[in-house]
Structure formats: C-alpha cells, structure tokens
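Secondary and tertiary structure notes
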Amino acid sequence: MSQTAALRLRQAIARTEDATRERPPIGRRPEEADDLLGTFATDGALGFDPFPFLRALHDAGSHAIVIGQVAGIMHGSTELTGDLDLLWDGTPDEARALRDALALCGCAELPDLARSQVGYRVTGASGDLCTPELRWGAMDVTPCLTSADITRDPAGFTIRYAALDDLIHMRRALGRPKDRRRADELARLRN
C-alpha cells in the first residue's frame, strides 16, 4: 500500500499552514464558502489539520471515505482547502464508528447522523458527512464507497479516499464553478 497520497496531503497541510500563518480571521466559516474559491478562503483554513480526525476514523473502524478537495489533493490537485468532507454508507454500525471518532476528536455537539448531509466540527477540521441519499445530480455515489483508494499514512494508519474517476464524476455532477475547474484539473492528472 502506497504512502504517496498521504504524503501529498501532509505537504498540502504544511502549505496551508504557511499560506495562512499571517492571515487574520475574517469571521467566515467553511459552510459559508463561495462556489468559486471554496473553503480555503474561509477561516476553516486557519489551523486546518485533518490528520487527528483521519486517525480517529481509522482507530474507530470507520469505512467512511474522504471526498471533496482533500481527496483531490490526495490525487495530486494543487488547490488548497479548509474542510474535510466524508462519504459514509448511513448504516448504524458506521454511525457508531463516526460518533466514536468525532467524540475522540473533541466534537462538543454530535451531529444528527440520520440526515443525508450534516456538518461537523472537531479540533483541527470541519466539514460535511454525506450519505449516498444526498442528491449528487444524476450520479449514484454508492459504488464510490467500495471503489475507494486506500493510502497508508507514515504515522501508521490508513485513509480511504474517493477513486480518481469517481471524484471527477462527483465534481462534474455537482457542477459549481470550483467543481468544474477541479474536475478538469483531475482529468489532466489522469492523462
């Protein structure tokens, strides 16, 4: 199992830290990101470190997969982000694993996991927890859960993330300006 994707993410987090070191908070949360610049332009990028939560997901036995721009970064995208979005299957067992990981990482208010999309906030990261019930245009994202790629972080845990073709299709199905731009970038990486 390769460490390449995890190393790419570690490098991006270091770049995010460097790029935001002198940036003051602007009072804009990740859920208030615009459809062009994304969450990197929000306060979510300040202190963004998804690794403790990714480790907690592994330790809790979660099979949730990383989607969104973090998955893009893991495939080689150069655009930075300030949130960590996950796709999970919506089952009670996975909900238990997610609750355990969230609690372990300081989530003060556990989200309602009965919803198809719900925001979360833990120390170092925030984002959306999505199930296949969430509408992705005409795309059924259920197969993305089983076709996910896996990388091993140098710290000794695995990270599941959307496969490149799945991520491109997800981006195109959403169709926002940042998603179209990022889908095109990912398609160029594939070639």
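Above this note sits the structure.
Residues numbered from 1 in each chain as written. Predicted model: local features only at pLDDT ≥ 70, side-chain atom pairs only at ≥ 80, totals over all residues. Heavy atoms only, no water.

**Here we look at the overall build of the protein**
- Looking only at helices and strands, the protein has seven helices and six strands in total.
- Helices and strands in the protein line up, N terminus first, as α-α-β-α-β-α-β-β-α-β-β-α-α.
- Here the protein has a C-alpha radius of gyration of 15 Å; the compact-globule value for 191 residues is 16 Å, and the two agree.
- Reported as C-alpha extents along the three principal axes, the dimensions of the protein are approximately 40 × 35 × 35 Å.
- When contacts within the protein are restricted to residue pairs at least 6 apart in sequence, those whose partners lie at least 24 apart make up 61%.
- Carbon and sulfur atoms make up 49% of the accessible area of the protein, which amounts to about 9,100 Å² in all.
- Between the centroid of the 24 positive side chains of the protein and the centroid of its 29 negative side chains there is a distance of 3 Å. (Helix = DSSP H or I, 4+ residues; strand = E, 2+ residues; numbered from the N terminus. Rg over C-alpha atoms; globule rule 2.2 N^0.38 Å. Contact = heavy atoms within 4.5 Å. Areas by Shrake-Rupley, 256 points an atom, 1.4 Å probe, with all protein chains shown as cover. Lys, Arg positive; Asp, Glu negative; His and termini not counted. Charge placed at Lys NZ, Arg CZ, Asp CG, Glu CD.)

**Focus: the packing of aromatic side chains**
- Under the counting rule described, the total for this entry stands at one aromatic pair.
- One Lys or Arg, arginine 10, reaches over the ring of phenylalanine 51 and ends 3.8 Å from the middle of that ring.
- Lying across the ring of phenylalanine 40, arginine 23 places its NZ or CZ 5.2 Å from the centre. (Phe/Tyr/Trp six-rings, centres within 6.5 Å; stacked < 30°, edge-to-face > 60°. Lys NZ or Arg CZ within 6 Å of the ring centre and 35° of its normal.)

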